[in-house]
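# Architecture at a glance
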Amino acid sequence: MLVNVDAARLRAFLEGSEDAEALGGGEYTVDLYDVDTPVSMDILLSKKGVDVLAALELIYDEGEDGWYLGEKIKDAERLAALLNQALA
């Protein structure tokens, strides 16, 4: 789903983040830990803008001392807010 995020700023952020990986063709995977809802996203940057292909909440398990994938996030406004928070 297309989200309202500055694609150029996001590309610069993703290219400089150790928690992001370029998959080729403008596609990235990124884990955002320092936002209101930690999230793992698969993002496509194209001429159309920022397209979030998939997004899952990240849940920390203290007992296992690790992060695990949670529920899908399907709300475009919420995803845009999380990405914009990461860019701030």
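What counts and how
Numbering of residues starts from 1 in every chain and runs along the sequence as written. For this predicted model, a pLDDT threshold of at least 70 governs which residues receive local features, and a threshold of 80 or more governs which side-chain atom pairs are given and counted, while totals over whole chains, interfaces and linings are taken from all residues. Each side-chain value is worked out from all heavy atoms of the structure, with water and hydrogens disregarded. In this text, helices come from DSSP runs of H or I with a minimum length of four residues, and strands from runs of E with a minimum of two, each type numbered from the N-terminal end. Computation of the radius of gyration draws on C-alpha atoms alone. For the globule rule, the value is 2.2 Å times the number of residues to the power 0.38. Burial classification: accessible surface area is computed with a 1.4 Å probe over protein chains only, and a residue below 20% of its type maximum counts as buried, one above 50% as exposed, and the rest as partly exposed. Throughout, a contact is declared for two residues whenever any of their heavy atoms are within 4.5 Å. Computed with a 1.4 Å probe, the accessible areas rest on the Shrake-Rupley method; for each residue, only the protein chains presented here act as cover.

### Quick look at the overall build of the protein chain
Counting its secondary structure elements, the protein chain contains two helices and six strands. Starting at the N terminus, the α and β elements of the protein chain follow one another as β-α-β-β-β-β-β-α. By the compact-globule yardstick of 12 Å for 88 residues, the protein chain fits well, its C-alpha radius of gyration being 13 Å. Taken over the C-alpha atoms alone, the protein chain extends approximately 45 × 25 × 25 Å along its principal axes. When the 88 residues of the protein chain are sorted by exposure, 38% land in the buried category. A sequence separation of at least 24 residues applies to 43% of the contacts in the protein chain between residues at least 6 apart. Summed over its atoms, the accessible surface of the protein chain is roughly 5,500 Å², and 46% of this surface lies on carbon and sulfur atoms.

### A short note on unusual backbone geometry
The phi angle at D65 is positive, at roughly 50 degrees, despite the residue not being glycine. One can find D65 in the loop between β5 (49-61) and β6 (66-72).

Read these as layout, nothing more, since geometry by itself doesn't imply function.
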